[in-house]
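So you can see what is in the structure, the chains are spelled out below.
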Amino acid sequence: MPSTRVSHLTKEFDTKIAVNDVNFELGEHEFLVLVGPSGCGKTTTLRMLAGLEQASSGDIFFGEKRVNDIRPRDRNVAMVFQDYAVFPHYTVYENIAYGLRSRRAPNALVKERVPKAAKTFRIDHLLGRKPRQLSGGERQRVALARAMVRDAELYLYDEPLANLDAQLRYQAREDIMALHNEKEKPSVYVTHDQSEAMAMGDRIAVMRDGHIVQIGTGAELYERPHSLFVAYFIGTPSINLFDVDIVPENGALFARHPAFSLEISEANQSALLPYVGRQVKFGVRPEDLHVPRMAPFAVTEFNQLQGVVNVIEPSSTGCAVYLSTLDEKAADYTATLRTRMPASYIGKEVPLAINMAKAHFFDLESERSILSP
Ligand SMILES: Nc1ncnc2c1ncn2[C@@H]1O[C@H](COP(=O)(O)OP(=O)(O)OP(=O)(O)O)[C@@H](O)[C@H]1O
Ligand SMILES: [Mg+2]
């Protein structure tokens, strides 16, 4: 049985539809990440789950129970807010304790839990301070500790790591996941950082303009995006995109661009047949471009792309190479290689082999995937 179910959830503010017919179910111990650009309705969705915002229509169920009309404090939900609202006149200790005290937790429990939560988020040396004596990142960790001391039925996080530096963010991510595993309750976590979503979510729901446009595991969204929007939003560096014509030749299909002609893999031919003579958007992820002699597939004349190297960015696993095609329009594209490319390649022309089995194609008008509609 799902622990939480949201059905046709909609929120209208005056003229603005902030959340539009959102549906999802949470497993009993699932970590769901809501991700999407600013203003797409992530915070509003969380606030409706917490009961801080009344839904305009649609239902929210916790287990069998419809909770739309249940007051926030009776929903037993713990939430970390985007603006980490902490009480300015309380000490860090009292701020963290607040989540417990407001539910009349016995003193012994407060004394046990507060130092533990503070230690988890590495603010145990700050327990006597007031929020104005803290940095933004420290305040954010107070807010996290305050939400996590409680035993709630559902945990909601609204971009709780936005103000932390990279190092602290990685630590806090791990702390949140450890607590999530300890508590064995469902969580909904909001971020607009897709790499954080990929790292943390059991499943990810991608939102746009109030809608969930796709929900699935990180691998599903990465490998089988249903739309151009999801393909572009998930993955860093972003997927490479080119407008190509679908052209038949010698019994095969080709994706033709002024700078290249690529043979469409057999598995994808039938889906692309209706597009013969038309233009489509061709997408290939940076990791699916390879140095030809290192490619994990047979390299032919029709799965290579020639381009000029603009920038080489070394990484821990190899490098990211930024190139442009050799036609007049000089379209930019990126390759992430599992090898180092010497700086002497900058300005030179290099061929890269494309794994056409991993290619994506999108309808230009609907922006829907032609392969995973
Ligand atoms: N109280 C309100 N009154 C009117 N419009 C609102 C209100 N709250 C939110 N909105 C609008 O609803 C839309 C969704 O807002 P929401 O805060 O849910 O976005 P978000 O996805 O959390 O964005 P961000 O990533 O910037 O935090 C926005 O266009 C916003 O301006
Ligand atoms: Mg928000």
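Residues numbered from 1 in each chain as written. Chains lettered and ligands numbered in written order. Predicted model: local features only at pLDDT ≥ 70, side-chain atom pairs only at ≥ 80, totals over all residues. Heavy atoms only, no water.

### Details of unusual backbone geometry
In step 1: The step from threonine 236 to proline 237 runs through a cis peptide bond, and the omega angle for that step is -10°.
In step 2: We note that aspartate 209 has phi near 45°; this positive angle belongs to a residue other than glycine.
In step 3: With respect to the element layout, aspartate 209 can be found in the loop between strand S9 (203-208) and strand S10 (211-216).
In step 4: Since its relative accessible area comes to 58%, aspartate 209 is described here as exposed.
In step 5: The phi angle at alanine 330 is positive, at roughly 45°, despite the residue not being glycine.
In step 6: Tracing the chain through its elements places alanine 330 in the loop between strand S17 (319-325) and strand S18 (332-337). (Helix = DSSP H or I, 4+ residues; strand = E, 2+ residues; numbered from the N terminus. Buried < 20%, exposed > 50% of the residue type's maximum accessible area, 1.4 Å probe, protein only.)

### A look at the sheet that holds strand S11 (residues 240-249)
In step 1: Across the sheet, which stays open at both edges, the five strands sit in the order S13-S12-S11-S14-S20 with antiparallel pairing between neighbours. The open sheet has two free edges, formed respectively by strand S13 (260-263) and strand S20 (360-363), since each of these has just one partner strand. Strand-to-strand twist across the sheet, computed as the mean angle between neighbouring axes with direction ignored, equals 40°.
In step 2: For S11 and strand S12 (residues 252-257), the ladder comprises five bridges, and the chain directions are antiparallel. In the strand pairing of S12, glutamate 249 is matched with alanine 252. (Pairing = 2+ DSSP bridges. Axes fitted to C-alpha atoms, helices over the stretch in contact; angles between N-to-C directions.)

### Quick notes on the packing of helix H2 (residues 92-101) against helix H3 (residues 107-120)
In step 1: At their nearest, the axes of H2 and H3 sit 9 Å apart, and the two run at 130° to each other. Between H2 and H3, the angle is such that the two are oblique. Here the hand of the crossing between H2 and H3 comes out right-handed. Of the residues in H3, those touching H2 at Tyr93, Ile96, Ala97, Leu100 and Arg101 are Asn107, Leu109, Val110, Lys111, Arg113, Val114, Ala117 and Ala118.
In step 2: Of the residues belonging to the contact of H2 with H3, the class tally is nine nonpolar, one polar and three charged. (Parallel < 35°, antiparallel > 145°, perpendicular 65-115°, else oblique. Left-handed = near helix turned anticlockwise from the far one by under 90°. Contact = heavy atoms within 4.5 Å. Nonpolar A, V, L, I, M, F, W, Y, C, P; charged D, E, K, R; others polar.)

### Some points on H3
In step 1: Over its 14 residues, H3 runs 20 Å from end to end, which matches the ideal 20 Å to within 8%, given 1.5 Å per residue.
In step 2: Regarding H3, the residues found buried are Val110, Arg113, Val114, Ala117 and Ala118. (Expected span 1.5 Å × (residues − 1).)

### Focus on the domain arrangement of the protein chain
In step 1: We note that the domain assignment places domain 1 (4-229) and domain 2 (240-363) within the protein chain.
In step 2: Here domain 1 and domain 2 have C-alpha centroids that lie 40 Å from each other.
In step 3: Counting residues at the interface gives six residues for domain 1, matched by six residues for domain 2.
In step 4: It is Tyr222, Pro225 and Leu228 in domain 1 that bury the most area against domain 2; as a group they hold 88% of the surface buried on that side.
In step 5: Summed over the shared surface of domain 1 and domain 2, the result is zero salt bridges.
In step 6: Between the two partners, domain 1 and domain 2, sit two residue pairs in polar contact (both at pLDDT 80 or more).
In step 7: Of the residues belonging to the side of domain 1 that touches domain 2, the class tally is four nonpolar, one polar and one charged. (Domains from an automatic or database assignment. Buried area = accessible area lost by both parts, 1.4 Å probe. Salt bridge = Lys/Arg side-chain N within 4 Å of Asp/Glu carboxyl O. Polar contact = N/O pair within 3.5 Å; in protein donor to acceptor, adjacent residues only side chain to side chain.)

### Quick look at the pattern of salt bridges
Pairing of side chains with opposite charge becomes possible as their charged atoms draw close.
In step 1: With the rule as written, the count across this model stands at 16 salt bridges.
In step 2: One salt bridge in this structure joins arginine 113 and aspartate 151, with 3.0 Å as the shortest N-O distance. Linking arginine 113 in helix H3 with aspartate 151 in the loop between helix H4 (136-148) and strand S7 (154-158), this pair joins segments that are 38 residues apart in sequence.
In step 3: Take arginine 113: its relative accessible area is 18%, and that puts it in the buried class.
In step 4: Residue lysine 183 is joined to aspartate 151 by a salt bridge in which the shortest nitrogen-to-oxygen separation is 3.7 Å.

### Concerning the packing of aromatic side chains
In step 1: Taken as a whole and assessed by the stated rule, the structure comprises 13 aromatic pairs.
In step 2: Between the aromatic rings of tyrosine 90 and tyrosine 98, the centroid separation amounts to 6.4 Å while the plane-to-plane angle is 50°, which identifies the pairing as tilted.
In step 3: The class for tyrosine 90 is partly exposed, based on a relative accessible area of 36%.
In step 4: On the accessibility criterion, tyrosine 98 (34% relative accessible area) is partly exposed.
In step 5: The structure contains a cluster of three or more aromatic residues connected by ring pairs, namely Phe242, Phe260, Phe282, Tyr333 and Phe361.
In step 6: Here the guanidinium or amino end of arginine 285 rests over the ring plane of tyrosine 222, the centre of that ring lying 4.1 Å away. (Phe/Tyr/Trp six-rings, centres within 6.5 Å; stacked < 30°, edge-to-face > 60°. Lys NZ or Arg CZ within 6 Å of the ring centre and 35° of its normal.)

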